[in-house]
Every structure is written in C-alpha cells, then in structure tokens.
Amino acid sequence: MTHPELVIRKAVWKGEEVDLLVAEGKILEVKPSSDTMYEGAEIVAAKGLMLMPSLTDVHVHLREPGFEYKEDIASGLKAAVHGGFSNIMCMANTDPVNDNAVVTDEMLRKARAAFPEGGPRLFPIGALTKGLKGEELAPMHEMAEAGCAAFSNDGLPVKNSELFRRAMEYGSDTGKPVIDHCEDPYLAPAAGVNEGEVSSVLGLAAQPDVAEATQVARDLLMAEYLDMHIHLAHISCRKSVDLIAWAKKRGVKVTAETCPHYLLLTEEALHGYHSDTKVNPPLRTADDVEALLAAIKDGTIDMFATDHAPHAAHEKEVEFMQAPCGISGLDSALSLTWSLVADGKISFDDFIRMWTTAPCETFDLPLNSFKKGDPADFFLFDPAQEWVLDSASMHSKGKNTPFRGQTLKGRVISHFLSGKKIV
Amino acid sequence: MEWRHKDLLDVSQLSKEEVQHVFETATYFQEINSRPVKKVPTLKGHSVVLFFAEASTRTKTSFDMAGKRLSCDTFSLAKSSSSLTKGETLKDTALTLEAMNPDGIVIRHWASGAAQFLAERLDCSIINAGDGRHAHPTQALLDGFTLYQEWGSLAGKTILILGDIAHSRVARSNLILLNKMGAKVRFCGPRTLLPPQIKKWDAEVYTDLSEACKGVDAIMCLRLQLERQQDGLLPDLREYSNYFGLGHKQIELAKPDVKIMHPGPMNRGVEINSELADCEASLVLDQVASGVATRMALLYLYLTRKK
Ligand SMILES: [Zn+2]
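None of these values were measured; they are calculated from a predicted model. (Residues numbered from 1 in each chain as written. Chains lettered and ligands numbered in written order. Predicted model: local features only at pLDDT ≥ 70, side-chain atom pairs only at ≥ 80, totals over all residues. Heavy atoms only, no water.)

## A few points about the coordination of the zinc ion
Residue and element names in this part refer to chain A.
Here is step 1 of the chain: Binding of the zinc ion to the protein goes through Asp154 (OD), His181 (ND1) and His234 (NE2), at separations of 2.0 to 2.2 Å.
Here is step 2 of the chain: Written as a sequence motif, the donor arrangement for the zinc ion is D-x26-H-x52-H. Highlighted residues: aspartate 154 in the loop between strand E9 (150-152) and helix H4 (161-173) and histidine 181 in the loop between strand E10 (178-180) and helix H5 (197-202), separated in sequence by 27 residues. For the pair shown, aspartate 154 and histidine 181 are each scored as buried. (Donors = N, O, S within 2.8 Å, 3.2 Å for Na, K, Ca; no water. Helix = DSSP H or I, 4+ residues; strand = E, 2+ residues; numbered from the N terminus. Buried < 20%, exposed > 50% of the residue type's maximum accessible area, 1.4 Å probe, protein only.)

Next up, the structure:
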C-alpha cells in the first residue's frame, strides 16, 4: 500500500466520522476514523468539520479579457476556491470574444499564472458563432483542442434556428456539449424582469416566461431530431421544467441547470427597484420556485450553476432599467444552496449530485467521489459557522448580489486541490 | 394633521385621510389662486429644484407656478441643460443636487423607480412628478381633487380610464387613488395596451368601449403615444380612433352628467373627439387649474413637515 502524504482526521462524511488518506495528489482511502499513526504524513485535525468533494460550476462569467474592472480570471478563481469550487467553466462573452484558440489559450495561461503552484481548474466555453453574432460558425474544433469544454452563445442566444441546428451538428463533431441560453430574442425585448404582477405594479418593461420556454421547446425538439445532447442553462420557470420532463421521458439527451437565486428569491424581491435583483432570466414566482425544487428532487434538473455575473458598483447603481443583468454568485453559492439542505428542501445526495457528479459527468471534468485514484479535491466545511456576505467577505470583484448584508450559514474552512492546501 | 412623509413617491403611500387632507389644503390654495394678488409668503426662504430628465412643459410650469405663488424659490434643471448631458449617472446628478442643499426636489424621469432612487440617497423631500411607467402621484391627486370639487365625494362613483393603460403611470396612480377614495375603476383599451396580469388589478377590464362607458360618472382619456403603431401594438390610428377613441356615441351611454378628463397634451381626433374636449362636460381646463392648487398643497405639506 502506498504511504499517505496527507491525512484528514475525524472529518464527517455522510454522517460518519472518517479519516481521508491522500497520496500523490490522489485519494488513497476513506475509512472509519482511528488513531493509526502515519509516519511522515501531514495530519490535519478536522473533528467537527464536514468533508465535502470540491464543487463544479459549469456557468460563470469571468470578464477577462476585456472587462477586467468587473472581474479578472485571478479574482474569479480566488472567489471560486474560497467558495468551494475546483472546476470552473467560463462563458465566451468577453472582449475579444472567446471564439478562437488564441483567446482560449490566453485564458488558460492567465488561470495558470493566478495559481502557479496549482489551483482551481478553468475550462473555457467557446462561442458557437463568431463574435457571438449568430451569423457564422466559430472554429469549434480548434477551440476544443485548445481546451474548451463546451460551446455556447450564452448572453446572445442564436436567433436563427437553422444556424443553431448547424452549430449543434458541428459542435457535436468535437465531442463537446452545446449549452443554450434559452431566450427567444423576439419574445424578449426587455430582460431582467419577469412579466407579471410585480412588473405591472412597478411599471417595468418585462419579459414573459414563455420567452424562455419557447426556446427550451425548440432546443428539445432539435436535440431529439438530431439525436444529440444539449445542455440548457439557468432554467428558471415551471413551463421549462415541464417541457424538459416531457423530453426526458421521450429519451431526448438533455441536461439542465438552475441557479441558487431562482430557488431562494421571487419577483417580489424587485420591490424597491434595487438593481442587484435584476438578472437574466429574471426572478420568477413562488410557483416557479416550487416547480424547480420538485424538478431537483425528481432529477428533471440535473445540476446547479451560479451564472456568476460580476459587475462594477457604478454600473449597478443607476436607474433600474439601465442596470446590467446579473448576480455575483461564486462567494455565496455554497452557503445559499446548503441552506436548502439545512431547511430540508433538497436532500444531501441531491446537493452532491447537483454540484459534483452531474456537472463533471456531463462535461467530462475531473471528479472526486472519494474513491481510490480520484483527484484529491475536497474541502472542510463548517455548516454552523455564520458569516456576513459583504464587500469585505467577498473575493469576487463583483459585489452585486441581492443577498448582500445577509448573514449566511456554512463556510469553507480549508480547501485542498490535488491534495494541496489552497485555502 | 401633522405631515409625516419625507417623500411623495406614489399615492399608495398615503392613507385615505391624508388624501382628503391634500384635497382640503388644495381647496384653500384654490381660493388664493382666484384672488387678484395670488402670491403668499408661506414658503419664503425655501428652495425647490425642478429636475426634469424627461420633457414636460405643462407639469413643470404647474410646479413652477405653484412654488412661486408660495414665495418659494424654484430652480430648473432640464434635460437640455449641460449638467444633464449624456454620460452623467443619476447618482452623480443626485449628489450634485444634494450639494445645493434644496428643501425639495421635484423629479420627472423616464426610468421607473428614479424617484425612489433619489429618495433613498438624499435627505431633502423628493416629489415624484412621473417616473417611467410606474407612478404619477401628483397627477392622480389633481385628478382626484378635480372630481372632489365637482362631486364633494368620490365614494360610489364609477370612473372609466380609457386608452394605453399598459404604458401609463397616470392610469396606475389614478387606479390606486380612486379605489382608495371609494370609487370603482374601469379600464378599457385594446388587449395590446392592457398590462399583463390585469385581472389581478382592482379594476373591471373592457375591450369594448361602448360596454365600458355604460353608466359611468366620469371618463379619463389617456394620451396615446403615436409610436405604439411602430411598436407593433396597433395597426393604425384610424382603426384606433374608430374603436377606442372617445366620441359622442359612447358619451350617450354614460350617466347624463358624465365628466370628461384628459391629462394632456391631447391628440385631438385620436383618443378624443375634438368637440368633446371642449364641451360642457369637459374638465380638461379645470384639471390644469386644480393642478396648480394641488401642487401648492403638496409643496406646502412636504416642505413644512415636522422633521
Ligand atoms: Zn445566460
């Protein structure tokens, strides 16, 4: 038996007190806790702390290149690793757009430079179309080779269904999934606000949930027709959930994500016009929240993602309708979704599936499931520790979150990646 | 009555008794406005900034006159003036205004929520003179006051609001105010100009103008933005005026002494027949006069409130 280099002692995993043994950056063994001496191994006392596999976020905006004042790759990855994430997939809507291997290479170089000794892994997502313009296909083979894990026009969904079909076909040749931001641009002239009672009262231009569901329906029919996998980003409403459930029953190869804020907030949060509640797709109704929670339970929704969208303070502190959409999510996602477990709204097993197994299996990313040989990516977590989400406690440059000022519960105490302590 | 509000963002903030108090205060100022010398020293030494980020000659003039009749100094900051050129944020404008240390700011802005944005950041009173599609409380109060002067009480009356409800802050604020004062409200317009979820609003909804007019005590026409046709919400103005413009035929279905109102400026021949706008039943010019008195009442109540 290989000799352990690192031993995590008396941490709690699935209700049992265990010791975790690491060798050469990989999991050696997880076994019931004992007082065995391990000559030469670093021992970390973890009594009372929970052991968790590192999380994967398949949907973030890191803003570099082009908008480094909002976030850069280094600050985004720092927020990620403090928030419990080991794998991060970043969207292509940068400037220049990540629509060629040169940009992909540069993103990966910046990620390595931010953590030269090893750190959270960055997996860029390439654009489906050049410049995200929805006119010509982007060179997806070249980007896949450079390290892109998927392709998406997130933020600027492809209007032209014929071109979207060709993008799915061409993308599938690379073996990497296509992710669609579901929003019919013709039905959605005003983003960020759900069309309904609250938008009427506040007098805000809004878009209906059918703008999302219409495009979900298109994508599902397309995936079935082409017999190809499609991943649907940030699902927010009951209509989309119903369509996905229908498609899964028919055997369509579809996976879907939702974000913490769609489970914890409703459109009621918009009263007061605070632009941190402006997000695309918009916050929906209590009925939609109920549908999403049920969809997590029955597996219709496969995974969580943050849709981390940092913005500078001066960009959000403007008239509501002028403010950009988005919530800065990496710092708080773990605590927010953990509160769903603590409140009995989702199970612990679903929590692990939604943040680790499903995203890693869907996008073929390194996965730690505490089996021998898995990458030793894990963190120690104190579920009881309270902390205030504010400018000082957030590592992201983007402080734009409707949860700002709130006391959250559950904190990462230390985070190990490939067996090395990063936090 | 002791005035407890710092800002007037929407009529929903006011209780029925407070609205009644505004009406009574306005009645007093209406009397002053009929005197040969219309100026009183009530707000001498006070200053108010009229911050109009969206053009509106009539509302601005009305506030300006209201202020001046109370001997209050009024300063205008209009869209075209250099400090409001493109690029300066509302936050910076707010800080600039704050530095001038006025007692009140009257704001008209194209963005819903703009008045609240200022109210949360500044110490002086903010009076919303219309924000986006959200609210127009002073218009609702002056409309209510106009009817109060006619009828003495709004209780039990039925009032039809006609036209582009979806994009109208006047409709939203009037609905709240009229309901609060015991009146029933009807909305009428083509489906494309009615807000989503309108069934949840406290109003009866019609898409047939003749049905909507039956037995009503007053009809408030809204101004139609002529570009709604380009937005794909209407086929053309001819069709609109034929089906949703107020004409003699519909008036005959209403109560015999029906009142006709319009917040102005009117598109004659589009939302209202030109003769009706000038007829005996029309309160359009009364609304203008009530506007000055109501705004005098509001400036007085907000600027002299106990701090
Ligand atoms: Zn998106």
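## Digging into the sheet that holds strand E5 (residues 158-162) of chain B
All names here are of chain B.
Here is step 1 of the chain: In space, the five strands of this open sheet follow the order E7-E6-E5-E8-E9, with parallel pairing throughout. The open sheet has two free edges, formed respectively by strand E7 (204-206) and strand E9 (259-261), since each of these has just one partner strand. The average angle at which neighbouring strand axes cross in this sheet is 20 degrees, direction not considered.
Here is step 2 of the chain: With three bridges joining them, strand E6 (residues 184-188) and E7 adopt parallel strand pairing. Counted as the bridge partner of cysteine 188 is tyrosine 206 from E7. (Pairing = 2+ DSSP bridges. Axes fitted to C-alpha atoms, helices over the stretch in contact; angles between N-to-C directions.)

## So, the pairing of strand E3 (residues 104-109) of chain B
Residue and element names in this part refer to chain B.
Here is step 1 of the chain: Among the six residues of E3, six are classified as buried, and the element is accordingly described as predominantly covered.
Here is step 2 of the chain: What you see with E3 is no split at all: Gly104, Val106 and Arg108 on one side and Ile105, Ile107 and His109 on the other are buried throughout.
Here is step 3 of the chain: With five bridges connecting them, E3 and strand E4 (residues 125-131) associate as parallel partners. Bridge pairing in E4 links isoleucine 107 to asparagine 128.
Here is step 4 of the chain: Since E3 and E4 lie parallel, the crossover through helix H4 (residues 114-121) that links them has a hand, and here it is right-handed. (Right-handed = clockwise from strand over helix to strand, strands pointing away.)

## Focus: the packing of aromatic side chains
Here is step 1 of the chain: Going through the model one piece at a time under the given rule, you end up with 18 aromatic pairs over all chains.
Here is step 2 of the chain: Relative to B:Tyr300, the ring of B:Phe29 lies with its centre 5.8 Å away and its plane at 65 degrees, an arrangement referred to as edge-to-face. With B:Phe29 in helix H1 (residues 16-32) and B:Tyr300 in helix H11 (residues 284-303), this residue pair connects regions lying 271 residues apart in the sequence.
Here is step 3 of the chain: Each member of the aromatic cluster is reached from another via a ring pair, and the members are A:Trp13, A:Trp338, A:Phe348, A:Phe351, A:Phe370, A:Phe379 and A:Phe381.
Here is step 4 of the chain: Here the basic side chain of B:Arg121 rests over the ring of B:Phe117, its NZ or CZ set 3.8 Å away from the ring centre.
Here is step 5 of the chain: It is B:Lys157 that lies over the ring of B:Trp151; its NZ or CZ is 4.8 Å from the centre. (Phe/Tyr/Trp six-rings, centres within 6.5 Å; stacked < 30°, edge-to-face > 60°. Lys NZ or Arg CZ within 6 Å of the ring centre and 35° of its normal.)

## Focus: unusual backbone geometry
Residues and elements named next belong to chain A.
Here is step 1 of the chain: Following aspartate 95, the chain continues to proline 96 via a peptide bond in cis, the omega torsion being 5 degrees.
Here is step 2 of the chain: Between asparagine 280 and the following residue, proline 281, the backbone shows a cis peptide bond with an omega angle of -5 degrees.
Here is step 3 of the chain: A positive phi angle is found at aspartate 227, which is not glycine, with a value near 55 degrees.
Here is step 4 of the chain: Take aspartate 227: it is sitting in the loop between helix H6 (209-226) and strand E11 (230-232).
Here is step 5 of the chain: Of note in the backbone geometry, serine 418 takes a positive phi value of approximately 50 degrees without being a glycine.
Here is step 6 of the chain: As for its position among the elements, serine 418 is in the loop between strand E15 (407-417) and strand E16 (420-421).

## A closer look at the side chain of B:Glu18
Residues and elements named next belong to chain B.
Here is step 1 of the chain: Relative to the helices and strands, glutamate 18 is located in helix H1.
Here is step 2 of the chain: At 2.9 Å, the side chain of glutamate 18 and the backbone nitrogen of serine 15 are in polar contact.
Here is step 3 of the chain: Every residue in contact with glutamate 18, bar those within four places of it in the chain, is listed here: Met1, Trp3, Arg4, His5 and Gln13. (Polar contact = N/O pair within 3.5 Å; in protein donor to acceptor, adjacent residues only side chain to side chain. Contact = heavy atoms within 4.5 Å.)

## Some details on the nonpolar core
Here is step 1 of the chain: With 109 residues, the main nonpolar core has A:Ile8, A:Leu232 and A:Phe378 as its most contacted residues.
Here is step 2 of the chain: Considering every element that reaches this core, the biggest residue donor is helix H11 (residues 333-342) of chain A, with six residues.
Here is step 3 of the chain: Excluding residues that lie within four positions of it along the chain, A:Ile8 makes contacts with A:Val18, A:Asp19, A:Leu20, A:Val44, A:Ala46, A:Phe378, A:Leu380 and A:Phe416.
Here is step 4 of the chain: Listed in part, the 59 residues of the second largest apolar core include B:Cys72, B:Phe145, B:Phe187 and B:Tyr302. (Core = buried A, V, L, I, M, F, W, Y, C linked by side-chain atoms within 4.5 Å.)

## What about helix H1 (residues 73-82) of chain A?
Residues and elements named next belong to chain A.
Here is step 1 of the chain: Of all ten residues in H1, seven are buried, a share of seventy percent or more.
Here is step 2 of the chain: Those residues of H1 not exposed but buried are Ile73, Ser75, Gly76, Leu77, Ala79, Ala80 and Val81.
Here is step 3 of the chain: On its buried side, H1 packs onto strand E7 (85-90), helix H2 (101-114), strand E8 (121-126) and E15.
Here is step 4 of the chain: Capping the start of H1 is the job of one residue whose side-chain oxygen sits 3.2 Å from the backbone nitrogen of alanine 74: aspartate 72.
Here is step 5 of the chain: The positive-phi residue at the C-terminal boundary of H1 is glycine 84, with phi of around 105 degrees.

## Regarding the interface of chain B and chain A
Here is step 1 of the chain: Tallying the contact residues gives 21 residues for chain B and 18 residues for chain A.
Here is step 2 of the chain: Here chain B packs against chain A, burying approximately 1600 Å² in sum over the two surfaces, 57% of which is carbon and sulfur.
Here is step 3 of the chain: Counting across the chain B and chain A interface gives three salt bridges.
Here is step 4 of the chain: For the salt bridge of B:Arg121 with A:Glu317, the shortest nitrogen-to-oxygen distance reads 2.8 Å.
Here is step 5 of the chain: Taken together, chain B and chain A are joined by seven residue pairs in polar contact (both at pLDDT 80 or more).
Here is step 6 of the chain: With four residues, the top contributor of residues to the side of chain B that touches chain A is H4(B). (Buried area = accessible area lost by both parts, 1.4 Å probe. Salt bridge = Lys/Arg side-chain N within 4 Å of Asp/Glu carboxyl O.)

## Details of the confidence of the model for chain B
Here is step 1 of the chain: Looking at chain B as a whole, the pLDDT averages 93, with 97% of positions reaching at least 70.
Here is step 2 of the chain: Here the predicted complex carries an ipTM of 0.82, next to a pTM of 0.90. (pLDDT = per-residue confidence, 0-100.)

## Some words on the packing of H4(A) against H6(A)
All names here are of chain A.
Here is step 1 of the chain: Closest axis-to-axis distance for the H4/H6 pair is 11 Å, and the angle between their directions is 50 degrees. Considered as vectors, H4 and H6 are oriented oblique to each other. Along this stretch, H4 crosses H6, giving a crossing that reads as right-handed. Of H6, the residues touching H4 (which contributes Ser161, Phe164, Arg165, Met168 and Glu169) are Arg218, Asp219, Met222, Ala223, Tyr225 and Leu226.
Here is step 2 of the chain: Broken down by class, the residue content of the contact of H4 with H6 amounts to six nonpolar, one polar and four charged. (Parallel < 35°, antiparallel > 145°, perpendicular 65-115°, else oblique. Left-handed = near helix turned anticlockwise from the far one by under 90°. Nonpolar A, V, L, I, M, F, W, Y, C, P; charged D, E, K, R; others polar.)

## Considerations on the pattern of salt bridges
Residues and elements named next belong to chain A.
Here is step 1 of the chain: Taken as a whole and assessed by the stated rule, the structure comprises 40 salt bridges over all chains.
Here is step 2 of the chain: Ionic pairing is found between lysine 239 and aspartate 209, a salt bridge with its closest N-O pair at 2.8 Å. Taken as a pair, lysine 239 in helix H7 (residues 238-249) and aspartate 209 in helix H6 lie far apart in primary sequence, 30 residues in all.
Here is step 3 of the chain: Judged by relative accessible area, lysine 239 falls into the partly exposed class, the value being 39%.
Here is step 4 of the chain: A salt bridge links aspartate 227 to lysine 253; the nearest nitrogen and oxygen atoms lie 3.2 Å apart. Residue aspartate 227 is located in the loop between H6 and E11, and its partner lysine 253 is located in the loop between H7 and strand E12 (254-258); the two are separated by 26 residues in the primary sequence.
Here is step 5 of the chain: Among the residues examined, aspartate 227 registers a relative accessible area of 52% and is labelled exposed.
Here is step 6 of the chain: Here lysine 253 falls in the partly exposed class, since its relative accessible area comes to 41%.
Here is step 7 of the chain: Within the structure, one salt-bridge network assembled from shared partners comprises Glu162, Arg165, Arg166 and Glu169.

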